[in-house]
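Each chain is listed here by its residues.
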Amino acid sequence: MSDRRTGILEAATRVIARRGVRGLRMGELAAEAGVSTALIYYHFTDRAGTLRRTLEFISDRADHYTAEQEPSPRAEDPRTDLERVLLRELQDASEVRENSTAWGELRATAVFEPDLREELARSTHTWVHDIAELLARANPTGTAPAHAAAAERLTALIEGLSVRWLSGSLTLDHARRLLRGAVDTELERKR
């Protein structure tokens, strides 16, 4: 992806996190990115295209900060690896806060703007699939449908905890404790 295009998507994420999807104006986005509105339309065709690509960008960026940070292979303890990946979605880091805020805003907007639904469904499916694979490593005696269902529950919980944390309804520490408890529950569940 070109540096300009990436810069526009980073700016779109910041504007959405700060003002919401309804507050995203192409002129403001252009000013935030330091480009012309014509360049935004050149790269993304229209506002809907900009929103779809921003959702894809946010998903990719989350993949980077939740990925294993050490150059070594996955942790020897698959349960620890699963928990580490999930907890990276709940970090008090500006990139994570920005991503989580923009993701929640785009998910809520998809209720009213069907153009976002396909990309949102694709990103969510990929996330659930990745977590299901980690669950399978942590509990190899479980079934694929059980792992998929547990991954759905855990990813939905992360989204809900993130909204509550970002809106001040609960502390980050409490959100992280709740997530750890949910991981314990899912791994202890009879498959």
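Here, every reference points to the structure presented above.
Quick caveat: nothing in here was measured; it's all calculated off a predicted structure.

Calculation criteria
- Along each chain, numbering runs from 1 in the same order as the chain's sequence is written.
- In view of the model being predicted, local features appear only for residues whose pLDDT reaches at least 70, and side-chain atom pairs are presented and counted only at 80 or more, with totals across whole chains, interfaces and linings using the full set of residues.
- Side-chain measures were taken over the full set of non-hydrogen atoms in the model, leaving aside hydrogen atoms and water.
- Lines fitted to C-alpha atoms define the axes, with helix axes restricted to the stretch in contact, and inter-axis angles between N-to-C directions lie between 0 and 180 degrees.
- Here a strand is any run of E in DSSP of at least two residues, a helix any run of H or I of at least four, and the numbering for each starts at the N terminus.
- By definition in this entry, angles of less than 35 degrees are roughly parallel, angles greater than 145 are roughly antiparallel, angles of 65 to 115 are roughly perpendicular, and the rest are oblique.
- Helix crossings are classified by the rotation of the near helix relative to the far one: an anticlockwise turn of less than a right angle makes the crossing left-handed, while a clockwise turn makes it right-handed.
- Every residue pair with non-hydrogen atoms within 4.5 Å of one another is taken to be in contact.
- Remark: exposure states derive from per-residue accessible area (1.4 Å probe, protein chains only) relative to the maximum for the residue type, with buried under 20%, exposed over 50%, and partly exposed in between.
- What the arc measures is the spread of directions leading from the helix axis to the C-beta atoms.
- For this analysis, a nonpolar core means a set of buried residues of the types Ala, Val, Leu, Ile, Met, Phe, Trp, Tyr and Cys, connected via side-chain atoms within 4.5 Å.
- The salt bridge criterion pairs a side-chain nitrogen of Lys or Arg with a carboxyl oxygen of Asp or Glu, the two atoms within 4 Å.
- Counted as a polar contact is a pair of N or O atoms within 3.5 Å, where, for protein atoms, one must be capable of donating a hydrogen and the other of accepting one, and residues adjacent in sequence contribute only when both atoms are in side chains.
- For patch detection, residues must exceed 30% relative accessible area and be free of salt bridges, and they are connected within 9 Å for like charges or within 5 Å for nonpolar side chains (Val, Leu, Ile, Met, Phe, Trp, Tyr).
- All accessibility values rest on the Shrake-Rupley procedure with a 1.4 Å probe; residue burial counts only the protein chains present in the view.
- Counted charges follow a simple rule, with Lys and Arg positive, Asp and Glu negative, and His plus the chain ends left uncounted.
- In plain terms, the charge of a residue is placed at NZ if it is Lys, CZ if Arg, CG if Asp and CD if Glu.

Asker: Explain the packing of helix α4 (residues 47-66) against helix α6 (residues 94-110) to me, and be specific about the residues and the numbers.
Answerer: Helices that pack against each other are described as a pair by the angle of their axes relative to one another and the distance between those axes. α6 packs onto α4 with a crossing angle of 140° between their chain directions and a minimal axis gap of 10 Å. With respect to α6, the element α4 is oriented oblique. Judged by the twist between their axes, the crossing of α4 over α6 is left-handed. On the side of α4, the interface is formed by L51, T54, L55, I58, S59, R61, A62 and Y65, while α6 contributes E95, V96, E98, N99, A102, W103 and L106.

Asker: Describe unusual backbone geometry, with residues and values.
Answerer: In this structure, T45 is a non-glycine residue whose phi angle is positive, near 70°. Here T45 is to be found in the loop between α3 (37-44) and α4. Judged by relative accessible area, which is 61%, T45 ranks as exposed.

Asker: I'd love a proper account of helix α2 (residues 26-33), names of residues and values included.
Answerer: Looking at α2, one finds that the buried residues are M26, L29 and A30. Looking straight down α2, one finds its buried side chains confined to an arc of 100°; they lie on one side. Buried residues along α2 sit in contact with α1 (3-19), α3 and α4. A positive backbone phi angle near 70° is found at G34, which sits one or two residues after α2.

Asker: Before we move on, could you go through the nonpolar core and cite the residues and values that matter?
Answerer: In this structure, I8, I16, L24, L29, I40, L51 and L106 are the most contacted members of the largest nonpolar core, which totals 25 residues. Secondary structure elements with two or more residues in this core: α1, α2, α3, α4 and α6. Once residues lying within four places of it in the same chain are set aside, the contact partners of I16 are V21, L24, L51, T54, A102, E105 and L106. Judged by nonpolar contacts, the second largest core, of 24 residues, contains V85, V128, A151 and A182.

Asker: Can you explain the pattern of salt bridges? Please cite residues and give values.
Answerer: Throughout the structure, instances matching the rule amount to 19 salt bridges. Note that R53 is salt-bridged to E119, the shortest N-O span being 3.5 Å. Taken together, the residues span a long stretch of sequence, with R53 in helix α4 and E119 in helix α7 (residues 117-138) at a distance of 66 residues. By relative accessible area, R53 is classed as partly exposed at 22%. A relative accessible area of 4% places E119 in the buried class.

Asker: If you had to explain the side chain of E119 to someone new, which residues and values would you point to?
Answerer: At 3.5 Å, the side chain of E119 forms a polar contact with the side chain of R53. In contact with E119, not counting residues within four places along its chain, are R52, R53, L55 and E56.

Asker: Lay out the environment of T171 with the relevant residues and their values.
Answerer: Summarising the element assignment, T171 is placed in the loop between α8 (144-166) and α9 (172-188). With 147 residues separating them in the primary sequence, T171 and L24 have C-alpha atoms 28 Å apart. Looking at T171, its side chain comes within polar contact range of the main-chain nitrogen of H174, at 3.0 Å.

Asker: Residue-level account of the side chain of E98, with values.
Answerer: In this fold, E98 is placed in helix α6. Judged by relative accessible area, E98 falls into the buried class, the value being 19%. When sequence neighbours within four positions are dropped, the list of residues in contact with E98 reads T13, R14, A17 and R61.

Asker: Give a detailed account of a negative patch on the surface, specifying residues and quantitative values.
Answerer: A cluster of like negative charges, contributed by D60, D63, D130 and E133, occupies part of the molecular surface. Listing elements by their share of the negative patch, those giving two or more residues are α4 and α7. By secondary structure assignment, the location of D63 is in helix α4.

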